[in-house]
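Architecture and fold: a report
Each chain is listed here by its residues.
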Amino acid sequence: MRTRDDVLWIAAAEVGMKESSAGNNRVKYNRAFYGREVSGAAYPWCCAFVWWVSKQAGFNLHKTASCTALAAAYKKAGQWVDYGPNPGDIVMFDFTWQKKITQHVGIVDRFVGDWVYTIEGNTSLTSNDNGGAVMRRKRNPKLITGACRPGYNI
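What you see is a predicted model; the values in this text were computed from it and never measured.

Here we come to the state of the cysteines. Counted by the stated rule, this structure contains zero disulfides. Here Cys 46 stays free of any disulfide, with the sulfur of Cys 67 as its closest cysteine sulfur at 3.7 Å. Cys 46 sits in the buried class, given a relative accessible area of 6%. Here Cys 148 is not cross-linked by a disulfide; its sulfur's nearest cysteine counterpart is in Cys 47, at 8.5 Å. Owing to a relative accessible area of 0%, Cys 148 belongs among the buried residues under this scheme.

Across all of its chains, the model carries seven salt bridges by this definition. Residue Lys 28 pairs with Glu 14 through a salt bridge whose shortest N-O separation is 2.9 Å. Separated by 14 residues along the polypeptide, Lys 28 in helix 2 (residues 28-34) and Glu 14 in the loop between helix 1 (4-13) and helix 2 bring together distant segments of the chain. Exposure remark for Lys 28: the relative accessible area of 28% places this residue in the partly exposed category. With a relative accessible area of 8%, Glu 14 lands in the buried category. One salt-bridge network, held together by shared partners, links Arg 26, Arg 31 and Glu 37.

One open sheet accounts for six strands, arranged 1-6-2-3-4-5; its pairing is antiparallel. In this open sheet, the two strands that pair with only one neighbour each are strand 1 (80-81) and strand 5 (133-139). As defined by bridge partners, strand 3 (residues 104-112) adjoins strand 4 (residues 115-123) across five bridges and the pair is classed as antiparallel. Across the sheet, the residue bridging to Val 112 is Trp 115, located in strand 4. Running at roughly 60° to strand 3, helix 3 (residues 46-56) makes contact with strand 2 (90-93), strand 3, strand 4 and strand 5 of the sheet. Of the strands in this sheet, strand 1, strand 2, strand 3 and strand 6 (144-148) are in contact with helix 4 (residues 67-76), which crosses strand 2 at around 130°.

With that out of the way, let us pick up the nonpolar core. Grouped together as the largest cluster of nonpolar side chains are 32 residues, with contacts concentrated most on Phe 49, Leu 70 and Val 105. For this core, the elements supplying multiple residues, two or more each, are helix 1, helix 2, helix 3, helix 4, strand 2 and strand 3. When residues of this core are assigned to their parent elements, the largest contribution, eight residues, is made by helix 3.

For the rest of this paragraph, the subject is helix 4. Within helix 4 the residues assigned to the buried category are Cys 67, Leu 70, Ala 71 and Tyr 74. Projection of helix 4 onto a plane perpendicular to its axis shows the buried side chains occupying an angular sector of 95°, all on one side. When the buried face of helix 4 is taken as reference, the exposed residues oriented beyond 90 degrees from it are Thr 68 and Lys 76. Its side-chain oxygen placed 3.3 Å from the backbone nitrogen of Thr 68, Ser 66 serves as the N-cap of helix 4. A positive phi of about 75° marks Gly 78, the residue just after helix 4.

How each quantity is defined
- Residues numbered from 1 in each chain as written.
- Predicted model: local features only at pLDDT ≥ 70, side-chain atom pairs only at ≥ 80, totals over all residues.
- Heavy atoms only, no water.
- Disulfide = S-S within 2.5 Å.
- Buried < 20%, exposed > 50% of the residue type's maximum accessible area, 1.4 Å probe, protein only.
- Salt bridge = Lys/Arg side-chain N within 4 Å of Asp/Glu carboxyl O.
- Helix = DSSP H or I, 4+ residues; strand = E, 2+ residues; numbered from the N terminus.
- Pairing = 2+ DSSP bridges.
- Contact = heavy atoms within 4.5 Å.
- Axes fitted to C-alpha atoms, helices over the stretch in contact; angles between N-to-C directions.
- Core = buried A, V, L, I, M, F, W, Y, C linked by side-chain atoms within 4.5 Å.
- Arc of directions from axis to C-beta.
- Polar contact = N/O pair within 3.5 Å; in protein donor to acceptor, adjacent residues only side chain to side chain.

So this is what it looks like as structure tokens:
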């Protein structure tokens, strides 16, 4: 049975994975997503990462490389939450603090105090949304535009 704990465990096991060369977007998540080796600026991979994690856990996440399209698909399916994401939810960020666009996506790991901790692909301490690594990040919830709640079993 698929559970959010499976998703979180698989995502956590990927922390530390990096692009083959900084800035080239060549990673196993893109290779699995596109079915071939890809690289370059046209292939950011935060969505490919969450899709890959879900697939490894036996769950079929909507397949798109666009954060905006992912949000739209889950809104249409009635699996979108505007606030209060739970661990395992796929959370969207707007780094302009306007909550109008979806620039990046990650998986909610846990909450501690006023912070949300996530596991994200294609991030770094110097680039929120194109950093080239899988990392745990500490985020201000005010950056969250909403979250996909894919219907994992708890």
